[in-house]
Amino acid sequence: MSHFNATPDKRIVVTLDAGGTNFVFGAIQDYQFIVKPISKPSNSDVLEKCLDTLVEGFNEVIVQLPEPPVAISFAFPGPADYPNGIIGGYLPNFPSFRNGVALADFLKEKLNLPVFINNDADLFTYGEAIVGVLPEINQKLEQLGSAKRYRNLIGFTFGTGFGFGISVNGKMYVGDNSCSEIFCLPHKHLKNIIVEDGVSIRGVKRVYGELTGEAQHNLEPFDIYQIAEGIKTGNREAAQKAFAVMGEVAGNVIAICASLLDGLIVIGGGLTKAEKYFMPALLQEMRSHFATLSGETVARVQSSVYNLQNEEEFLQFAKGNQQPLQVFGSAKEVVYDPQKRIGVAISKLGADVATSLGAYAFALL
């Protein structure tokens, strides 16, 4: 597997994909996975058993490595004091951690290694910024002769929840309380309901059920996607609209984030397979306009928004609006591009891989 902008690095970092049902342990060297993943039940409801499982899993990876690792680095779901490696708070998938667990210090003592724990969406975005979509886009811009380069990336994950991360100038943004979140922002259509209830697996399932009148349909988003494609029997129009509604609801929040943060946008997660059904609505929302009290209309995102999945749009994005500008009082000309622009891309690495590579990079950089 090749990665953009990956500086060769022979140091090894042990990683973990921490799910409420299973822990999957691995190791990365030079941005490559170097051991067969080891999966173990997380035993998340019994603290002592869960912690013992973590130690066992990491040790089973470490004994397979060609040289000692320099760190352990991974994402953990749910609220946490990430800089201090303390996991606690409302954790539906890890009830035994609710009262707070000093996980980083526990693992440091048991394994005698530095331990880095971060939010999964933050690490996803960081992985895409270091070796994924951000350097890839900048490389394509260079190949197309564009002078434009991007340094900031805003990441979103569409899956069990609606995740969010920011990378600024090659650094992962954490925040003073490691609590930069969007899942709790308001849903565009449902009063006093969080946006995550619209941009998530449960959101797609709920909307499909509402549109078909079959609330207890027992279909998963992949089933609904297959119905949308005409592969599986069902209400095809409702299936397509369920993803379009998700795109509109997501686009509303992404437009707000794009206006505040001004960077390229990458989307990852299991629901991105349905890109062709949600992306048009997402882009339409980001490109929409608001009215002023004086009767004018204002673009809700002040930069032009391009679909970077579309090659024709990418060429327009690269070209911009470059024009010569004469320096006042001189015959000299400079190149001026007045067009502010950003773009939306879908992760090629995939959320799981990008998150692991983000964890690797965070431990080393």
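Remember, it's a predicted structure, so these values are computed and weren't measured experimentally.

Asks: Would you mind going over the pattern of salt bridges with me for this structure?
Replies: Pairing between side chains becomes possible if they bear opposite charge and their charged atoms approach one another. Taken as a whole, this structure holds 17 salt bridges when the rule is applied. Asp30 is paired through a salt bridge with Lys10; the nearest N and O atoms lie 3.6 Å apart. Here the residue Asp30 occupies a position in the loop between β2 (22-29) and β3 (32-33), and Lys10 occupies one in the segment before β1 (12-18), the gap between them amounting to 20 residues. Lys205 is the salt-bridge partner of Glu220, the closest N and O atoms lying 3.1 Å from each other. In this pair, Glu220 is assigned in the loop between α5 (201-212) and α6 (221-229) and Lys205 in helix α5, connecting sequence segments 15 residues apart. Since its relative accessible area comes to 39%, Glu220 is described here as partly exposed. A relative accessible area of 25% means that Lys205 is categorised as partly exposed. One continuous salt-bridge network, built from bridges that share partners, spans Lys188, Glu248, Glu285 and Arg300.

Asks: Would you explain the pairing of strand β10 (residues 152-158) in this entry?
Replies: Put simply, side chains in a regular strand alternate between the two faces of the sheet. Across the seven residues that make up β10, a large majority, seven, are buried. As paired elements, β10 and strand β11 (residues 162-168) share seven bridges and run antiparallel to each other. By the bridge assignment, Asn152 is partnered in β11 with Val168. Of the strand pairs in this sheet, β10 and strand β13 (residues 264-268) are connected by five bridges, and their pairing is parallel. By the bridge assignment for β13, Ile154 is matched with Ile265.

Asks: What exactly am I supposed to notice about the side chain of Glu285 here?
Replies: Mapped onto the elements, Glu285 comes out in helix α8 (residues 275-286). One polar contact links Glu285 to Arg300, side chain to side chain, over a distance of 2.9 Å. Setting aside residues up to four positions removed in sequence, Glu285 forms contacts with Lys188, Glu248, Gly251, Asn252 and Arg300.

Asks: Could you clarify how one ought to interpret the sheet that holds strand β19 (residues 341-346) in this entry?
Replies: What links the strands of a sheet is backbone hydrogen bonding, and the strands pair in either a parallel or an antiparallel sense. Ordered by their spatial adjacency, six strands build an open sheet running β12-β11-β10-β13-β19-β16, and the pairing between neighbours is mixed. Here the strands that pair on one side only, and so sit at the sheet edges, are β12 (171-172) and β16 (304-307). Both β13 and β19 contribute to a ladder of three bridges, which runs parallel. Looking at the pairing, Ile267 lines up with Ile346 of β19.

Asks: Looking at this structure, I do not really get the environment of Ala318. What am I missing?
Replies: Tracing the sequence through the fold places Ala318 in helix α9 (residues 311-319). The buried category is assigned to Ala318, whose relative accessible area is 5%. Taking the C-alpha atoms as reference points, Ala318 and Lys140, separated by 178 residues in sequence, lie 8.4 Å from one another. Once residues lying within four places of it in the same chain are set aside, the contact partners of Ala318 are Leu141, Leu144, Ser146 and Arg341.

Asks: Whenever I open this one, the side chain of Asp9 confuses me. Can you help?
Replies: Examined against the element boundaries, Asp9 turns out to sit in the segment before β1. Given the relative accessible area of 15%, Asp9 is considered buried. Asp9 has contacts with Gln29, Asp30, Tyr360 and Leu364, leaving out every residue within four places of it along the chain.

Asks: How should empty space enclosed by the protein be read in this particular structure?
Replies: Rolled over the atoms, a probe as big as a water molecule pinpoints where empty space is left. Here the structure, examined in full by the defined rule, presents one cavity of 30 Å³ or more. By volume, the largest cavity amounts to about 30 Å³. Lining the largest cavity we find Tyr82, Asn119, Asp122, Ser178, Cys179, Ser180 and Glu181. Here the residues of the lining of the largest cavity sort into two nonpolar, three polar and two charged.

Asks: Whenever I open this one, helix α2 (residues 103-111) confuses me. Can you help?
Replies: Turning to α2, its buried residues are Leu103, Ala104, Leu107 and Leu111. The buried residues of α2 occupy one face: seen down the axis, they fall within an arc of 95°. Among the structural elements, α1 (47-62), β5 (71-75), β7 (86-87), β8 (101-102) and β9 (115-118) are those in contact with the buried residues of α2. Trailing α2 by a residue or two, Asn112 shows a phi angle of about 55°, which is positive.

Asks: Mind showing me how you'd approach the packing of α6 against helix α7 (residues 236-261) here?
Replies: In helix packing, the relevant descriptors are the interaxial angle and the interaxial distance, both defined with respect to the helix axes. The contact between α6 and α7 brings their axes to 7 Å, and the two run at 120°. The orientation of α6 relative to α7 falls into the category oblique. Like other packed secondary-structure pairs, α6 and α7 cross with a definite hand, here left-handed. Two secondary-structure elements touch here, α6 through Pro221, Ile224, Tyr225, Ile227, Ala228 and Glu229 and α7 through Arg236, Ala239, Gln240 and Phe243.

Parameters and conventions
For every chain, the first residue of its written sequence is number 1, and the numbers climb from 1 along that sequence. Given that the model is predicted, a residue must reach a pLDDT of at least 70 before its local features are reported, and side-chain atom pairs must reach 80 or more before they are shown or counted; all residues, however, enter totals for whole chains, interfaces and linings. Each side-chain value is derived from all of the structure's non-hydrogen atoms; neither hydrogens nor water enter the calculation. We define a salt bridge as a side-chain nitrogen of Lys or Arg found within 4 Å of a carboxyl oxygen belonging to Asp or Glu. Per the convention used, a helix needs a DSSP run of H or I reaching at least four residues, while a strand needs a run of E reaching at least two, with both numbered from the N terminus. The classification of residues rests on relative accessible area computed with a 1.4 Å probe and restricted to protein chains. Under 20% of the type maximum is buried, over 50% is exposed, and intermediate values are partly exposed. Pairing between two strands requires that DSSP report at least two bridges joining them. We call two N or O atoms a polar contact when they sit within 3.5 Å, provided that within protein one can donate a hydrogen and the other can accept it, with sequence-adjacent residues counted only if both atoms are side-chain atoms. In this analysis, two residues are considered to be in contact whenever any of their non-hydrogen atoms come within 4.5 Å of each other. As defined here, a cavity is a set of points on a 1 Å grid over the protein atoms alone where a 1.4 Å probe fits but cannot get out. A pocket is an open set with protein on both sides within 12 Å along at least five of seven lines, and residues line them when an atom is within 4 Å of a point. Grid points are joined across faces, edges and corners, and a volume is the space filled by probe spheres set on the points. For this scheme, ten residues count as nonpolar: Ala, Val, Leu, Ile, Met, Phe, Trp, Tyr, Cys and Pro. Four count as charged, namely Asp, Glu, Lys and Arg, and the remainder, Gly too, count as polar. Note that the arc is defined by the directions from the helix axis to the C-beta atoms. Here the axes come from fitting lines to C-alpha atoms, over the contacting stretch only for helices, and the angles between their N-to-C directions go from 0 to 180 degrees. Angle categories: roughly parallel below 35 degrees, roughly antiparallel above 145, roughly perpendicular from 65 to 115, and oblique for all the rest. Helix crossings get a hand from a simple test, with the near helix turned counterclockwise from the far one by less than a right angle marking a left-handed crossing and a clockwise turn marking a right-handed one.

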